[in-house]
Amino acid sequence: TTNGPCPTQYVYDVSILPSANASITGAGPFCSNDLPLILQALNTGGTWSGPGVDPATGYFDPALANIGSNTITYTINGSCGDAQSITIVVTDVPLVSTINDTIIVFGNSVNLYSTSSVATYIWSPAGGLDCSTCLSPIATPDESTTYTITVEENGCFATAQVNIMVEYDPVVYVPNIFSPNGDNNNDILFVRGKGIEKFTFVVYDRWGEKVFQSISLQNGWDGSFRGKEMNPGVFMYYLDVDFKDGTTVSKKGDVTLIR
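None of these values were measured; they are calculated from a predicted model.

Turning to the packing of aromatic side chains, a few remarks are in order. For the coordinates displayed, the defined rule picks out nine aromatic pairs. Here the aromatic rings of Phe106 and Tyr168 are separated by 5.8 Å at their centres, their planes lie at 90 degrees, and the arrangement is edge-to-face. Of the two residues, Phe106 sits in the loop between β8 (102-105) and β9 (110-111) while Tyr168 sits in the loop between β14 (156-167) and β15 (171-173), which places them 62 residues apart along the sequence. Classification of Tyr168 by relative accessible area gives partly exposed; the value is 23%. The interplanar angle of 80 degrees and the centroid separation of 5.8 Å between the aromatic rings of Tyr204 and Tyr238 together place this pair among those described as edge-to-face. Taken together, the positions of Tyr204 in strand β18 (residues 196-204) and Tyr238 in strand β22 (residues 233-243) put the pair 34 residues apart, joining distant regions of the chain. Accessibility expressed as a relative area gives 38% for Tyr238, which makes it partly exposed.

Glancing now at the sheet that holds strand β6 (residues 82-91). On the basis of which strands lie adjacent, the open sheet formed by four strands has the order β1-β6-β5-β3 and mixed pairing. Two strands lie at the open edges of the sheet, namely β1 (30-31) and β3 (47-49), each paired on one side alone. The pairing of strand β5 (residues 68-76) with β6 spans nine bridges and is antiparallel. Across the sheet, Thr73 pairs through a bridge with Ser85, a residue of β6.

Ordered in space as β8-β14-β13-β11, the four strands form an open sheet in which the pairing is mixed. This sheet does not close on itself; its edge strands, each paired only once, are β8 and β11 (121-124). Ignoring which end each strand starts from, the neighbouring axes of this sheet average 25 degrees apart. Direction of pairing for strand β13 (residues 145-153) relative to β14: antiparallel, over a ladder of nine bridges. Within β14, the position partnered with Glu153 by the bridge is Cys156.

What counts, and at which threshold
Residues numbered from 1 in each chain as written. Predicted model: local features only at pLDDT ≥ 70, side-chain atom pairs only at ≥ 80, totals over all residues. Heavy atoms only, no water. Phe/Tyr/Trp six-rings, centres within 6.5 Å; stacked < 30°, edge-to-face > 60°. Helix = DSSP H or I, 4+ residues; strand = E, 2+ residues; numbered from the N terminus. Buried < 20%, exposed > 50% of the residue type's maximum accessible area, 1.4 Å probe, protein only. Pairing = 2+ DSSP bridges. Axes fitted to C-alpha atoms, helices over the stretch in contact; angles between N-to-C directions.

Here's what the structure looks like:
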């Protein structure tokens, strides 16, 4: 308003816009092999910038970012825009390697020679290894096995695998005598062998009654039938076997139970 003999008044419209808030939720630290994730901001509608981040979605991939510190910025444009930045740390995973897949003959060994710059190693499974926490153990597996070495450095893990394939001649046999007398020596009648895919093992008494049946190498006969101990004697068995190489065998024989 102007004063004087002819006062004049001017009116202006003033628009008050809300101030944008581009605050970002912190993230990380990450290992370079971690899965990607979508970064979160307080308000939508902005754009992202920085190593490893998609400008439109905020999709952050540690594998595409820099090793070390990464400055990630979220910007909301406009007359009342805002921009915020965070630092995301990405740590490189350690390097590890081992031998190529190898075939050995049953009973032989192979050196799982490996290389790595770190000092912490774990092999799994531990079966058949002379050391499960060494960089290059000796493996003597009884059957084909996939071994995995895992190394760790600064909280980041890396793995390498090797398949050790064991070859052997298919074989199966049944002992001809056992003594289920509780002395922990030859108390159970097991089917023994290598390269067995599946089998059926049936034991009959001298009158032809079935007293035991098994389809597992871990399931043997303890010399009992219907919860009672069988008397010493000679029993007949029948065995049908399918080997892993596709061959089959059927055999029958006698086994003597003594106490």
